[in-house]
Amino acid sequence: QVQLVESGGGLVQAGGSLKLSCAASGRTASTYDMGWFRQAPGKEREFVGSIAWNGGSTTYADAVKGRFTISRDIAKTTLTLQIISLKPEDTAVYYCAAKWRYSDIYRYWGQGTQVTVSS
């Protein structure tokens, strides 16, 4: 079992930056691939990016490449999403998720944190 708790959301002006964090707990949390997703009002949840369980590789959605950076700490229990050059279309609830590294399915999810970008 992995528990995930996001933090760091808020209201930001367009062009600003923000850092989201996700604290992972559980006996095997450090062995899971982790990812960020977001869901804007009236839209489906979409993949933002992910990082391998060992921090060795990252993947990003095309819409966020160059502006979003995912990292995890040495203990691999805190996931970070650094966002720069925020746009109004980045407004969404951002979710942290985790999956076992040999699976394609994100099984564990946080409660989400709201990011609102004003124009």
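Fair warning: this is a prediction, and the values are worked out from it, not measured in the lab.

Draft legend 1. Fine view of the overall build of the chain. Helices and strands together make up the secondary structure of the chain, namely 0 helices and 11 strands. Along the chain, helices (α) and strands (β) appear in the sequence β-β-β-β-β-β-β-β-β-β-β when read from the amino end. Relative to its length of 119 residues, the chain is compact, with a C-alpha radius of gyration of 13 Å against a globular reference of 14 Å. For the chain, the C-alpha atoms occupy an extent of roughly 40 × 25 × 20 Å along the three principal directions. Within the chain, buried positions represent 42% of all 119 residues. Within the chain, residue pairs in contact and separated by at least 24 positions form 54% of the contacts whose partners lie at least 6 positions apart. Considering the chain, the positive charge centre built from 13 side chains and the negative charge centre built from 9 side chains are found 6 Å apart.

Draft legend 2. Quick peek at the packing of aromatic side chains. Tallying each qualifying case throughout the model produces 7 aromatic pairs. Between tyrosine 32 and tyrosine 108, the aromatic rings sit 5.8 Å apart at their centres with planes inclined by 65°, giving edge-to-face as the arrangement. With tyrosine 32 in strand β4 (residues 32–39) and tyrosine 108 in strand β10 (residues 108–109), this pair connects stretches of sequence that are 76 residues apart. We classify tyrosine 32 as buried; its relative accessible area is 10%. Each ring, one from phenylalanine 68 and one from tyrosine 94, has its centre 6.5 Å from the other, and the planes form 40°; the classification is tilted. With phenylalanine 68 in strand β7 (residues 68–72) and tyrosine 94 in strand β9 (residues 92–100), this residue pair connects regions lying 26 residues apart in the sequence. An aromatic cluster of three or more residues is present, and its members are Phe37, Phe47, Tyr106 and Trp109. Above the plane of the ring of tryptophan 109 lies arginine 45, whose end atom (NZ or CZ) is 3.8 Å from the centre. For lysine 99, the ring lying beneath its charged end belongs to tyrosine 106, and the centroid distance is 5.9 Å.

What counts and what doesn't
- Throughout this description, residue numbers start from 1 for each chain and increase along the sequence as written.
- Restriction of local features to residues with pLDDT of at least 70 applies here, the model being predicted, together with a cutoff of 80 or more for giving and counting side-chain atom pairs; totals for whole chains, interfaces and linings are based on all residues.
- Water and hydrogen atoms play no part in the side-chain values, which are based on all heavy atoms of the structure.
- Numbering of helices and strands starts at the N terminus; helices are DSSP runs of H or I of at least 4 residues and strands are runs of E of at least 2.
- With the radius of gyration taken over C-alpha atoms, the globule rule is written as 2.2 Å times the number of residues to the power 0.38.
- Three exposure classes are used, based on accessible area relative to the maximum for each residue type with a 1.4 Å probe and protein chains only: buried under 20%, partly exposed in between, and exposed over 50%.
- Working rule for contacts: check all heavy atoms of both residues, and any pair within 4.5 Å makes them a contact.
- Under the convention used here, Asp and Glu are negative, Lys and Arg are positive, and both His and the chain ends fall outside the count.
- The location of each charge is read from NZ of Lys, CZ of Arg, CG of Asp or CD of Glu.
- Aromatic rings from Phe, Tyr and Trp, taking only the six-membered ring of Trp, are treated as a pair when their centres fall within 6.5 Å; an angle between ring planes under 30 degrees marks them as stacked, one over 60 as edge-to-face, and anything in between as tilted.
- Two thresholds decide whether a charge sits over a ring: the Lys NZ or Arg CZ must be within 6 Å of the ring centre and within 35 degrees of the ring normal.

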